[in-house]
Amino acid sequence: MATVRGKFVTFEGCDGCGKSTQLKMLSEYLTKNNIPHIFTREPGGGKISEAIREILLNGKNSEMTDECEALLYAASRVQHLSDRVEPALAEGKLVICDRYVDSSLAYQAYARGLGRDFVTKINAFALEKYLPDVTVFIDLTPEAAFLRKHGADENDRLEQAGMAFHKRVYEGYKALAKEEPNRVICVDGTKTPDGVFADVLEILKKYGCL
Ligand code: TYD
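Conventions used here
- Residues numbered from 1 in each chain as written.
- Predicted model: local features only at pLDDT ≥ 70, side-chain atom pairs only at ≥ 80, totals over all residues.
- Heavy atoms only, no water.
- Core = buried A, V, L, I, M, F, W, Y, C linked by side-chain atoms within 4.5 Å.
- Buried < 20%, exposed > 50% of the residue type's maximum accessible area, 1.4 Å probe, protein only.
- Helix = DSSP H or I, 4+ residues; strand = E, 2+ residues; numbered from the N terminus.
- Contact = heavy atoms within 4.5 Å.
- Axes fitted to C-alpha atoms, helices over the stretch in contact; angles between N-to-C directions.
- Parallel < 35°, antiparallel > 145°, perpendicular 65-115°, else oblique.
- Left-handed = near helix turned anticlockwise from the far one by under 90°.
- Nonpolar A, V, L, I, M, F, W, Y, C, P; charged D, E, K, R; others polar.
- Expected span 1.5 Å × (residues − 1).
- Near = heavy atom within 4 Å.
- Polar contact = N/O pair within 3.5 Å; in protein donor to acceptor, adjacent residues only side chain to side chain.
- Areas by Shrake-Rupley, 256 points an atom, 1.4 Å probe, with all protein chains shown as cover.
- Pairing = 2+ DSSP bridges.

Engineer: Where do I start with the nonpolar core in this structure?
Structural biologist: Buried together is how nonpolar side chains tend to be arranged in soluble globular proteins. Formed by 24 residues in total, the largest nonpolar core has its most connected members in Val9, Phe11, Leu26, Ile96, Val136 and Leu204. Secondary-structure elements contributing two or more residues to this core are β1 (8–12), α1 (19–32), β3 (94–98), β4 (134–139), β5 (184–188) and α9 (193–206). Setting aside anything within four residues of it in sequence, one finds Phe11 in contact with Lys19, Leu23, Leu26, Ile96, Cys97, Asp98, Arg99, Val136, Ile138 and Val200. Residues Cys14, Ala70, Leu114 and Ala177 belong to the second largest nonpolar core, which totals 17 residues.

Engineer: For this particular structure, what's the right way to read the packing of α1 against α9?
Structural biologist: A packed helix pair is summarised by two numbers, namely the angle formed by the two axes and the spacing between the axes. Running from amino to carboxyl end, α1 crosses α9 at an angle of 60°, the nearest separation of the two axes being 10 Å. Taken together, α1 and α9 sit at an angle that is classed as oblique. For α1 against α9, the interelement crossing comes out right-handed. Of the residues in α9, those in contact with Thr21, Gln22, Met25, Leu26 and Tyr29 of α1 are Pro193, Asp194, Val196, Phe197, Val200, Leu201, Leu204 and Lys205. Grouping the amino acids of the contact of α1 with α9 by side-chain chemistry returns nine nonpolar, two polar and two charged.

Engineer: Help me understand helix α3 (residues 66–90), please; the structure alone is not making it clear to me.
Structural biologist: Each turn of an α-helix holds 3.6 residues, which means side chains three or four residues apart point in the same direction. For α3, with 25 residues, the first-to-last C-alpha span of 34 Å sits near the 36 Å given by 1.5 Å per residue. Of the residues making up α3, those classed as buried are Glu69, Ala70, Leu72, Tyr73, Ala74, Ser76, Arg77, His80, Leu81, Val85, Ala88 and Leu89. Phi turns positive one or two residues past the end of α3, at Gly92, with a value near 85°.

Engineer: Looking at this model, I keep getting lost on the site of the ligand. Mind explaining?
Structural biologist: Close contacts around the ligand come from 13 residues, with Lys19, Arg77, Arg99, Ser104 and Gln108 the closest. Arg77 places a side-chain nitrogen or oxygen 2.9 Å from an oxygen atom of the ligand. In the model, a nitrogen atom of the ligand is placed 2.8 Å from a nitrogen or oxygen of the Gln108 side chain. In the complex, 80% of the free accessible area of the ligand, which totals 550 Å², lies under the protein chains. Where the shell around the ligand is concerned, the elements lending two or more residues are α2 (47–57), α3 and α4 (101–111). At four residues, the largest contribution of residues to the shell around the ligand is made by α4.

Engineer: Where do I start with the packing of α2 against α3 in this structure?
Structural biologist: It is the contact of α2 with α3, at a shortest axis distance of 9 Å, that shows an interaxial angle of 160°. Classified by the angle their axes make, α2 and α3 are roughly antiparallel. Regarding α2 and α3, the two cross each other, and that crossing is left-handed. Every residue of α3 that contacts α2 at Ile48, Ser49, Ile52, Ile55, Leu56 and Leu57 is listed here: Glu69, Leu72, Tyr73, Ala75, Ser76, Gln79 and His80.

Engineer: I would appreciate a short explanation of the pairing of β1 in the present structure.
Structural biologist: In terms of burial, β1 is a largely internal element, five of the five residues being buried. Of the two faces of β1, the one holding Phe8, Thr10 and Glu12 and the one holding Val9 and Phe11 are both buried throughout. Sheet topology places β1 next to β3; four bridges connect them, and they run parallel. If you follow Phe8 over to β3, its bridge partner there is Val95.

As structure tokens, then:
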């Protein structure tokens, strides 16, 4: 009998939204329940994609243009799909990916201002061939994420500059969720980790992933 193709699930959210905590909880749940799966992440998730990640996240590469950045994310994505995602889906495994093409739409198209056309074009391979079955967006504003991490006192002017960028990322995600309400599902990130996780499980069950 042919193997049923696995489901492809991605997690998205602003920096500090609690995504890592949720992924850890999900990893424990899937292992405990013997659900065949892989966890992977972007940028990265393979030899070549991890090498691209190092170029992208290296603070010394500050002269990189926004276009180059977007193209490297897209290049890393294509390699990662071929190295890790496709083989696992073909084996019928559930694929959980920490960030994917919606990160490029929120960060590069919206926040960097490259626009939807350019980012959609360079990510056509991912968008047309590997659209996730469901994308969980952990909905927490960057202000709330920052306060959670540092407390109110450190909310100084220097951070405000970065804050404007992260606010645009957040607005980008909200726009994506509005555009594709059947794929990009918002989870209230202000809840406790257990509360958020209960919602995550409900979504994954609804989409036939568990
Ligand atoms: P990472 O350290 O993995 O952060 P996080 O735990 O928040 O996921 O760094 C990933 C960074 O890369 C994050 O700031 C978002 C950014 N990113 C993009 O700008 N575009 C993309 O397409 C992807 C996948 C990530």
